[in-house]
Amino acid sequence: MGAVHVAGGAVSDSPAQAVDDDDDANQLPGATATDVLEYLVKALVDDEDAVEVDVDEDRRGLRMQVRVGAGDMGRVIGRRGRIANAIRTVVRAAAAPDGVAVDVDFVD
Amino acid sequence: MEWVETTGRTVEEAKDAALDRLGVDERDAEFDVLEEARSGLFGRVRQEARVRARVRPDHPRPRVDRRERRRQGGESTPASAGNRPRAASSGRPGGGSGADSADAVDVAPRDDADDMLPAPSSEEQAEEARAFLDGLAAAFGLQGVSEVEIVDGDQIEARLVGDGLGLLIGPKGQTLAAVQDLTRAVVQRGPRRGGRMRVDVGGYQQRRREALVRFARQTAEQVKDSGVAVSMEPMPAYDRKVVHDTINDLAGVQSRSEGEEPRRQVLIMPDVPAD
């Protein structure tokens, strides 16, 4: 399947972009994990609107890429990557019932 | 907040002992060195170092919560209305622009004007923790309700209760530990992390603590019977405090911590008759 793009707030204002042809986003494997990831990152940053989560699927599972506003990267990474790792742990837990492996990258 | 007084062969040792008693990380404590250690002949300790320490009181932290920011941003506009520049996302170069991404991680605290606002009270922070945990359970699609409590004046205890929360606990409580880190990070955003916060999910920490107390008591019995000291497994500061508190209430045994973090462990030993 192709990339699922779930930008901050984009689900409501541009449905065509949000999910390809599936009419129910919750049926996608890893939908819960994506929700959880987006929830966590938005709770941590100052600029919620700048949060973007991209989900791709490859052979190893789901690859989630997180982008945040300019000043917020430190918040989601944390000292020595502690917060980033905590986010990964929780997101993987959210994906566990779907039986999907998840990789979370923080990019800018 | 109470001061504890401890001694050690060096100031560092005395500080470590104090941190164990308080059950907090070094950055959450403040120290006074009362006496430096003095050594006598042949390196024998003539006088132990003595320090006093306490949990750093709730100082005005240079941070401000999101509600405050929004209020400043414009009272009438709801949270996410576009009064915040989106330039950050649209103007970003497509790929990784190396230099500033590396800098962003270790960026120094920004000294915004709003850093001067008073820190939110424990009650406000507790409420943020509660809202965060409720939202997290909802994002997981789990039925969980959180409750918060403030103990010892400023320690926040947040508990997510409900059935089927195992997913949020994880093997050996790893997911719960991550949830606690995240709750702290969300509630105590900003450069200075203050108060203490514990998060429990599905009563896991409580059961663990009770088991630890039972185990410490059993070990103490064993030490009393045999007269031989026993080292417990390495454990974090909070758990060591649980053990020290338990041993403190028992006659005939005493405890102290040894080793360096993260392999610091509690030693339970028989009381030495006072001379």
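First, a word on scope: everything that follows refers to the structure included in this document. Per chain, residues are indexed from 1 in the order of the written sequence. Written order decides the labels, with chains lettered from A and ligands numbered from 1. It should be noted that, the model being predicted, local features are given only for residues of pLDDT at least 70 and side-chain atom pairs only at 80 or more, the latter also being counted only at that level, while totals for whole chains, interfaces and linings use all residues. In computing side-chain properties, one takes all heavy atoms of the structure into account and sets aside hydrogens as well as water.

**With respect to the sheet that holds strand S11 (residues 265-270) of chain B**
Within a sheet, adjacent strands bond to each other through the backbone by hydrogen bonds, running parallel or antiparallel.
Residue and element names in this part refer to chain B.
Item 1. Two strands are counted as paired when DSSP detects at least two bridges linking them. Secondary structure elements are taken from DSSP: a helix is a run of H or I of four residues or more, a strand is a run of E of two residues or more, and numbering for both begins at the N terminus. Here we have three strands laid out as an open sheet, ordered S9-S11-S10, and antiparallel in their pairing. For this open sheet the edge positions go to strand S9 (230-234) and strand S10 (253-258), each flanked by a neighbour on one side alone. Each adjacent strand pair in this sheet contributes to an overall mean axis angle of 20 degrees, direction not counted.
Item 2. Both S10 and S11 contribute to a ladder of six bridges, which runs antiparallel. Residue Gln254 lies in a different strand from S11, and its bridge partner there is Met269. To obtain an axis, a line is fitted to C-alpha atoms, over the contacting stretch when the element is a helix, and the angle between two such axes runs from 0 to 180 degrees between their N-to-C directions.

**Overview of the pairing of strand S6 (residues 145-151) of chain B**
Item 1. Two strands pair when backbone bridges link them, and S6(B) and strand S7 (residues 155-161) of chain B are joined in this way by seven bridges, in the antiparallel orientation. Across the sheet, Ser146(B) pairs through a bridge with Leu160(B), a residue of S7(B).

**Describing the sheet that holds S7(B)**
Residue and element names in this part refer to chain B.
Item 1. With respect to topology, three strands assemble into an open sheet ordered S6-S7-S8, the strand pairing being mixed. Every other strand in the sheet has two partners, leaving S6 and strand S8 (197-201) as the edge strands with one partner each. Shown here is a sheet whose adjacent strand axes are inclined to one another by a mean of 15 degrees, direction ignored.
Item 2. Inspection of the sheet shows S7 paired to S8 by five bridges, in the parallel sense.

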